[in-house]
Amino acid sequence: MIAAGGLGFLSPWLLLALVALPVIWWLLRITPPAPRRQPFPPLRLLRSLVPTEDSAATSPWWLLLLRLILAALVILALAHPVLNPTTGLVGQGPMLLVVDDGWAAAHRWSDRQRAMLDYVAQAEREDRAVQVLSTAPAADGSPVQAQPLAPATKARPYVRALAPKPWAVDRAGAARAVARLDPELKYRVVWLADGIDDGNAEALARALARVGEIIYVGDAPGQLARALAPPAEPGGALTVQLLRPEAGAEESRWVRASGAGGRLLGRVEASFAADALRTDATVELPSELRNKVERIEIEGGNAAAAVVLADERWRRRPVGLVTGDASEHRAQPLLSSIYYLERALGPFASVQQGSTDDLLRRRLAVLFLADIGQLPDDEQAVLRQWVSDGGMLVRFAGPRLAQNADELIPVRLRSGGRLLGGALSWDQPATLAPFPETGPFNGVAVPEDVLVRRQVLAEPSLDLPEKTWAQLADGTPLVTAERQGQGWLVLFHVTANTEWSSLPISGLFVEMLRRVVALSRGVADADAGQATLPPVATLDGEGRLGAPPPTVTPLNPANLPDLRPGPSHPPGYYGTEDARQAVNLATGWADLRAIGELPVPAQRATYAARDEIDLKPWLLAAAILLAVVDVLAVLALRGLLFGRGAARAAAVVMAALLAWPQTSRAQGGDEYALQATLETRLAYVITGDGTVDELSRAGLSGLSDALRRRTSVEPAEPMAINVERDELLFFPLIYWPITAAQARLSPSAVGKIDAYMRTGGTILFDTRDANIAGPGILRGGGNNGHLRRLLGQLDIPPLGRVPENHVLTKAFYLMQTFPGRYGNGAVWLESTAGTSNDGVSSIVIGGNDWAAAWAIDSQGRPMAATVPNTGRQRELAYRFGINLVMYTLTGNYKADQVHVPAILERLGQ
């Protein structure tokens, strides 16, 4: 590249063609003039035909000048001039493009991707190979590793496909990947950083410095990502903490709370003080709205760490209080049996008071009975049914319960109780023992100043230890509980006031009640009886909630407190749709740290848009315009512009102008048709979701490889198709994964798909959720709902499950089930396929996520785990794919072949 001031030429050697301008001028002058129209009367031929001699010297000077300018413009355009060109990279080695693609890069990803493409273009101009290293772990959990060296033109598609991931970068792994590179290549390193230090930024910088000189590209001050840490105390106030990585001036951010469908429920402004790195934001909402909150986020944050997903733990559960001393409560509130209960529950629960009948008419999660003795039989029956349906009944002891207990308690009691100085007494007040590891209070510190002077005693039994949640130092139970149906019966063996113990005036009392309320329905059932929590929905890098990728695996509930989200367990919801556990990326984060000064020399740059302006397209446009003017001038000189041939000349000019783009499109179509037809290929539909599309490509590549190894079919690499633009008739089988983001089909696409299915093509629709079973194939939500909307536009024949003796069950392998990543989903196809299209169904529908089971990486390794993760299920998935391809390729030929014995027997007769 040659630069002069603010102008540079990317192909300066082409400027030598300017020397040829005098030669062009000379050639233009000797061009013979246009023929002249001459009358030809026979009788006046010799007299009126006067020869005149015209030469090119008489051509208009302005036409010569116009053509010389046109030639100069073409030469300058081919030299590729650039205004304010970027300084070229030092050295001749390849470019190492290091890209931070974790959560912190998502909020300005378009700027980062533009910078990546600019550097790739610069490497292309300087004829440098490019090697890309993304620092976030891949979705399949494989270690961070650099892509192979490739020309810039081949690196560009990979760079375009990069997307931010919803987990943190692994710069330690990136440093190990850099250590495996050859330092003799003398790389020019470009590090596109997200600016957030994971503790290993200096280690990566040192590793990069060993292989070449570094250009560090970072955000301008104040533009680094922000994070949102979830509320520290479940059930408490909706107080989230905003984190920023760099101190500076005062700053305000809006935090919003939204419910189902993104409906705004609340909004609050949070302000960072000068030099502060953290600030709190409390969203004040009524209990009714608070319990509908599903998402809290920083407005404009656009990152997985800027989103907090809410589940049952963050909701204020409605609790009811019933006391047997209502008059005492009004006269002497400090002695009331519910005074301390009311204040301990207030910060994290919605407290209501009244009678048992009144409270049970409302929606309650927990009902507290303070010193209620014998309940009426009909009231006991109602409460027992309420507990069995999922309610939690918590009772506190007292004089009434000690003397006259009913059966609505978890253990049998001795009458009279135990008190200081009584028959069953202590010499001094008793202290608490450490909480059992199996109970809900596990991990709570026991203060030494909590003393118990009296309690109700449980009758000894074999199951008493299993029912004990808390006990005194001498081993007698303090809190017992029993599961009944879907709910709980809980008994505190002391009063809810200070009459029998000092527990109600301690901080331990608040924590114990918090954990008891947290066990109420919606939390205890979320993982009850489940060994693992399957993914329900996950966040992508930009904080959008969607269907979980096939690489996500179920998580163990025991690992939730210490879980660090990553490729196997990205942030999102786990469990079931009715009882979801939220996994948030910023849980437990205390602060964010910005990357400071690097320990090695580095050139600094920002993501600001470059001032570089490419003049080539403008010069070519001016040359084309002058060429049109030249044509019009020549037509005018010949007398064709305004004469009888004007219309014909105009038609010729318009045809010439329109021919070029149409020819270009035709050539592109020809290339597509040749690529699709010269070899047998499978195809997959582009959904717009990069992860799904890549898995579809890898899945069909894996299936094609299995076909080449096991059968006589030798398919080439699969092709991606856009149903709105591309022709479908070239492919025998099209794989169509269903996603939520797919747009509604245009009428032309609908007609194209219908024509494809009517003329013998087969489409495999895969909802990827194993949710198709029973007669309701097009019912239900999720991907089934998206499939229903899609098929509602098409002319779909009657469908039915694959019959037992269908050709698909024996086209190559004998099989009756058709597993993919999942193994239980049914497969549906055209129930009347035998009457048309050579017996091949035009449509196959399932939900077993076959592409994920077929998918292999560049080294032939599976990319996604099957459920269950066994080699046998993956093998059966390949067998189904082979059967399906053989079925679509051979039609009723296979149907005849499987009946050969019957045919031979008939011939013998």
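Residues numbered from 1 in each chain as written. Predicted model: local features only at pLDDT ≥ 70, side-chain atom pairs only at ≥ 80, totals over all residues. Heavy atoms only, no water.

### Here's the deal with the overall build of the chain
For clarity, the cut-off: Helical segments are the DSSP runs of H or I of at least four residues, strand segments are the runs of E of at least two, and each set is numbered from the N terminus. We call a residue buried when its accessible area falls under 20% of the maximum for its residue type, exposed when it is over 50%, and partly exposed in between, using a 1.4 Å probe and counting protein chains only. Here, two residues are considered to be in contact whenever any of their heavy atoms come within 4.5 Å of each other. All accessible-area figures derive from a Shrake-Rupley calculation using a 1.4 Å probe, and residue coverage is judged against the displayed protein chains alone.
Summing up its helical and strand segments, the chain has 24 helices and 37 strands in all. Put simply, the chain has 909 residues, and 48% of those count as buried. Across the chain, every contact between residues at least 6 apart in sequence was considered, and the portion connecting residues at least 24 apart equals 72%. A total accessible area of about 44000 Å² is found for the chain, and carbon and sulfur atoms account for 54% of it.

### A word on the packing of helix α3 (residues 61-78) against helix α16 (residues 616-637)
Formally: Only the contacting stretch of a helix is used when fitting its axis, a line to C-alpha atoms as for every element, and angles between N-to-C directions run 0 to 180 degrees. Here the angle decides the label: under 35 degrees means roughly parallel, over 145 means roughly antiparallel, 65 to 115 means roughly perpendicular, and every other value means oblique. Handedness of a crossing follows from how the near helix is turned relative to the far one, being left-handed for an anticlockwise turn of less than a right angle and right-handed for a clockwise one. Only Asp, Glu, Lys and Arg are considered charged, only Ala, Val, Leu, Ile, Met, Phe, Trp, Tyr, Cys and Pro nonpolar, and every remaining residue, Gly among them, polar.
Two elements in contact, α3 and α16, have axes whose closest approach is 9 Å; the angle formed by their N-to-C orientations is 155°. As summarised for this structure, α3 and α16 are arranged roughly antiparallel, according to the angle between their axes. Of the two possible hands of crossing, α3 and α16 adopt the one that is left-handed. From α3, Trp62, Leu63, Leu66, Arg67, Ile69, Leu70, Leu73, Val74, Leu76 and Ala77 reach across to α16, where they touch Lys616, Leu619, Leu620, Ala622, Ala623, Leu626, Ala627, Val629, Asp630, Ala633, Val634 and Leu637. A class-by-class count of the residues in the contact of α3 with α16 yields 19 nonpolar, no polar and 3 charged.

### A word on the confidence of the model for the chain
Just so we agree on the cut-off: Per residue, pLDDT measures the predictor's confidence, with a range of 0 to 100.
Across the chain, pLDDT averages 81, with 80% of residues at or above 70. Confidence over residues 522-529 falls short of pLDDT 50; this stretch has 17 contacts with residues more than four positions distant or in other chains. Confidence drops under a pLDDT of 50 for residues 658-668, and excluding neighbours within four residues, the segment shows 0 contacts in the predicted structure.

### Let's talk about the pattern of salt bridges
Stated precisely, the cut-off is as follows: Note on definitions: salt bridges are taken to be side-chain nitrogens of Lys or Arg within 4 Å of carboxyl oxygens of Asp or Glu.
Summed over the entire model, instances satisfying the criterion amount to 38 salt bridges. Arg108 is the partner of Asp219 in a salt bridge, and the nearest nitrogen-oxygen pair spans 2.7 Å. Taken together, the residues span a long stretch of sequence, with Asp219 in the loop between β8 (212-218) and β9 (227-229) and Arg108 in the loop between β4 (95-99) and α4 (109-125) at a distance of 111 residues. Like Asp219, the residue Arg108 is buried in the burial classification.

### Observations regarding the side chain of Ser501
Definition in use: Two N or O atoms count as a polar contact when they lie within 3.5 Å, although within protein this holds only if one can serve as hydrogen donor and the other as acceptor, and sequence-adjacent residues are included solely when both atoms are side-chain atoms.
Within the secondary structure, Ser501 sits in the loop between β24 (487-492) and α15 (507-518). Residue class for Ser501 comes out buried when judged on its relative accessible area of 1%. At 3.3 Å, the side chain of Ser501 and the backbone nitrogen of Leu503 are in polar contact.

### Here we look at α3
The criterion, for reference: Expected helix span is taken as 1.5 Å per residue step, with the number of steps being one fewer than the number of residues.
Between the first and last C-alpha of α3 there are 26 Å, a value that for 18 residues agrees with the 26 Å anticipated at 1.5 Å per step. Listing the buried residues of α3 in full gives Leu63, Leu64, Leu66, Leu68, Leu70, Ala71, Ala72, Leu73, Ile75 and Ala77. Count one or two residues on from α3 and you reach His80, which has phi positive near 55°.

### Comments concerning the sheet that holds strand β17 (residues 349-353)
Note the threshold: Only strands joined by at least two bridges in the DSSP assignment are considered to pair.
Read from one edge of the open sheet, 7 strands run β17-β16-β18-β19-β24-β23-β22, paired in mixed fashion. Each edge of the open sheet is held by one strand with a lone partner, namely β17 and β22 (468-471). Each strand axis lies, on average, 15° off the axis of its neighbour in the sheet, ignoring direction. Pairing of strand β16 (residues 317-323) with β17 involves 5 bridges; the strand directions are parallel. Following the sheet pairing, Leu321 is matched in β17 by Gln353. Each of β16, β18 (366-370), β19 (392-396), β22, β23 (477-484) and β24 is contacted by α15, which is oriented at about 155° to β19, the strand it contacts most.

### Describing unusual backbone geometry
Phi is positive for Asp275, close to 70°, though the residue is something other than glycine. If you trace the backbone, Asp275 turns up in the loop between β12 (264-272) and β13 (278-282). According to the relative accessible area criterion, Asp275 is exposed, its value standing at 59%. The phi torsion at Arg768 lies on the positive side, around 65°, for a residue other than glycine. When you line up the elements, Arg768 lands in the loop between β34 (762-766) and α20 (782-791). On the basis of relative accessibility, which here comes to 12%, the residue Arg768 falls in the buried class.

### Things to note about the nonpolar core
The following threshold applies: For the purposes of this section, nonpolar cores are sets of buried Ala, Val, Leu, Ile, Met, Phe, Trp, Tyr and Cys residues that join through side-chain atoms within 4.5 Å.
Within the largest apolar cluster, 42 residues are counted, with the highest numbers of intra-cluster contacts made by Leu341, Leu345, Phe368 and Leu513. Taken together, the elements giving at least two residues each to this core come down to β16, α10 (339-345), β18, β19, β22, β23, β24 and α15. The dominant element in this core, judged by the number of residues it contributes, is α15, at 6 residues. Aside from chain neighbours lying at most four places away, what touches Leu341 is Leu321, Phe368, Ala370, Phe396, Ala496, Phe509 and Leu513. Of all hydrophobic cores here, the second largest spans 34 residues; its members include Val802, Val807, Trp854 and Tyr878.

### Description of the sheet that holds β34
Strands belonging to one sheet form pairs held by backbone hydrogen bonds; the direction of such a pair is parallel or antiparallel. Here 7 strands make up an open sheet; going across it, the order is β32-β31-β33-β34-β37-β36-β35 and the pairing mixed. Both edges of this open sheet fall to β32 (719-721) and β35 (799-801), since each of them pairs with a single strand only. Pairwise comparison of adjacent strand axes, ignoring direction, gives a mean angle of 25° for this sheet. Seen against the sheet, helix α18 (residues 690-710) touches β31 (683-685) and β33 (733-737) and runs at an angle of roughly 165° to β31. Each of β33, β34 and β37 (843-846) touches helix α19 (residues 747-758); the most contacted strand, β34, lies at about 120° to it.

### Notes on the environment of Trp828
By the element assignment, Trp828 lies in strand β36 (residues 828-830). In this structure, the C-alpha to C-alpha distance between Trp828 and Gly847, residues 19 residues apart in sequence, is 9.9 Å.

### Description of the pairing of β23
Counting buried positions along β23 yields 6 of 8 residues, so the element is predominantly enclosed. Sheet analysis places β22 next to β23, joined by 3 bridges and oriented antiparallel. Across the sheet, Gln471 pairs through a bridge with Pro477, a residue of β23. The antiparallel hairpin formed by β22 and β23 contains 5 residues in its connecting segment, where Gly475 sits at a positive phi of about 95°. Note that β23 and β24 share 6 bridges and pair antiparallel. The residue bridging Glu482 from the neighbouring strand is Leu489, located in β24. Where β23 folds back onto β24 in an antiparallel hairpin, the turn is made up of 2 residues, including Gly485, whose phi is positive at roughly 65°.

### Digging into the pairing of strand β5 (residues 129-134)
The line we're drawing: Here a crossover is taken to be right-handed if, once the strands point away from the viewer, the path from the first strand over the helix to the second is traced clockwise.
Across the 6 residues of β5, 5 count as buried, placing the element largely inside the fold. As paired strands, β4 and β5 are joined by 5 bridges and run parallel to one another. Pairing of Met95 across the sheet is with Val130, part of β5. With α4 bridging β4 and the parallel β5, this β-α-β connection has right-handed handedness. Sheet topology places β5 next to strand β6 (residues 150-151); 2 bridges connect them, and they run antiparallel. Each bridged residue has a counterpart across the sheet, and for Val130 the counterpart in β6 is Ala150.

### Quick word on a nonpolar patch on the surface
Which entries qualify depends on this criterion: Nonpolar side chains (Val, Leu, Ile, Met, Phe, Trp, Tyr) within 5 Å and like charges within 9 Å form the patches, drawn only from residues with over 30% relative accessible area and no salt bridge.
A surface patch of nonpolar side chains, amounting to about 560 Å² of accessible area, comprises Trp61, Trp62, Leu65, Ile69 and Leu637. Per-element accounting of the nonpolar patch gives the leading share, 4 residues, to α3. Judged by relative accessible area, which is 52%, Leu637 ranks as exposed.

### Looking at the environment of Gly541
Along the chain, Gly541 turns up in the loop between β25 (535-539) and β26 (545-546). Gly541 sits in the buried class, given a relative accessible area of 2%. Sequence separation between Gly541 and Asp101 is 440 residues; the distance between their C-alpha atoms is 8.7 Å. Sequence-distant contacts of Gly541, that is, excluding residues within four places in its chain, are made with Trp103, Ala106, Pro164, Lys165, Pro166, Asn302, Ala303 and Ala304.

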